[in-house]
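Coordinates in review
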Amino acid sequence: RKRKYEKVARKKAARAPKGESIENRDPEIGKRTTFGHWEGDCVCGKKKTKEALFVLSERLTRQEIIMKIPDQTAASVVAALNKLERRFGKKFSQIFKSITFDNGSEFADCAGIEKSIYGKNRKRTKVYYCHPYSAFERGTNENINRMIRRFLPKGTDFRKVTAAHILRVQTWINNYPRRLFNYGTAEERFNEEMAKLEGC
């Protein structure tokens, strides 16, 4: 049973997000019927180390992207998205129509996250922020983060984890048969959606 925003007690965030609240997100996104809407988070590593994982989960297909970043800062998150935009090129804005984050300081640069590297006034995505202390509003992200922790448990020193190992974890998650998809995979669903974009 879904919780409604107005019925959940809210605590004030440590800072006011500079982007739009999840309350202003199109209800269609919540129905998981449209491709291209993601949830984002950071998975932290061993205490007193800076390296972290920047993770993105697509709500319809459950496709996961995992990227190692040098630290949990807003600049590193923007740099990771810049790298992704270079990878996907002009189709980035069709693949990443929106991203929903929590109120962590690493996601504070809303303008930097939304701004395309291909044009001064061009936007590449739309950012929404969850309510404070409301992880359930990023349920897909939270569920997949638990899968990541099977391979990279809490306390993992990400300085010692190679990009190749992270890619293997991502590949395993995206090719795991899911009952939700009649034992199809997130990778298959994602590729189906990407094929539709190619046909546009």
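Please refer to the structure placed before this passage.
What this report covers is the structure whose coordinates are included nearby.

Cut-offs used in this document
Residues numbered from 1 in each chain as written. Predicted model: local features only at pLDDT ≥ 70, side-chain atom pairs only at ≥ 80, totals over all residues. Heavy atoms only, no water. Salt bridge = Lys/Arg side-chain N within 4 Å of Asp/Glu carboxyl O. Buried < 20%, exposed > 50% of the residue type's maximum accessible area, 1.4 Å probe, protein only. Core = buried A, V, L, I, M, F, W, Y, C linked by side-chain atoms within 4.5 Å. Contact = heavy atoms within 4.5 Å. Helix = DSSP H or I, 4+ residues; strand = E, 2+ residues; numbered from the N terminus. Expected span 1.5 Å × (residues − 1). Arc of directions from axis to C-beta. Phe/Tyr/Trp six-rings, centres within 6.5 Å; stacked < 30°, edge-to-face > 60°.

What follows is about the pattern of salt bridges. Applying the stated criterion to the full structure yields 11 salt bridges. In this structure, glutamate 114 engages lysine 123 in a salt bridge whose closest nitrogen and oxygen atoms are separated by 2.9 Å. For glutamate 114, a relative accessible area of 6% puts it in the buried group. When salt bridges with common partners are traced through the structure, they connect Asp41, Asp102, Arg138 and Glu142 into a single cluster.

A few words on the nonpolar core. Phe54, Leu56, Leu81, Leu84, Ile95 and Phe96 are the most contacted members of the largest nonpolar core, which totals 29 residues. Contact partners of leucine 84, with chain neighbours within four places excluded, come to Leu56, Ile65, Met67, Phe92 and Phe96. Residues Val43, Ile66, Met147 and Val169 belong to the second largest nonpolar core, which totals 13 residues.

The periodicity of an α-helix, 3.6 residues per turn, causes residues three or four places apart in sequence to face the same way. The terminal C-alpha atoms of helix H7 (residues 186–198), which comprises 13 residues, lie 18 Å apart, in line with the 18 Å expected from a rise of 1.5 Å per residue. Within H7, the full set of buried residues consists of Ala186, Phe190, Glu193, Met194 and Leu197. Angular distribution of buried residues about the axis of H7 spans 100 degrees; they occupy a single face of the element. Opposite the buried face of H7, by more than 90 degrees, sit the exposed residues Lys196 and Glu198. At its buried positions, H7 is contacted by strand S2 (37–44), helix H2 (74–88), helix H3 (92–95) and helix H6 (163–174).

Under the definition given, this model contains nine aromatic pairs. A ring pair is formed by tryptophan 38 and phenylalanine 96, whose centres lie 4.5 Å apart and whose planes are at 20 degrees; its orientation type is stacked. Of this pair, tryptophan 38 sits in strand S2 while phenylalanine 96 sits in the loop between H3 and strand S5 (98–101), placing them 58 residues apart in sequence. Neither tryptophan 38 nor phenylalanine 96 differs from the other in exposure class; each is buried. Both rings, one in phenylalanine 101 and one in phenylalanine 107, keep their centres 4.3 Å apart while their planes meet at 15 degrees; by these two values the pair is stacked.

Note that all results are geometric; they support no functional claim without further evidence.
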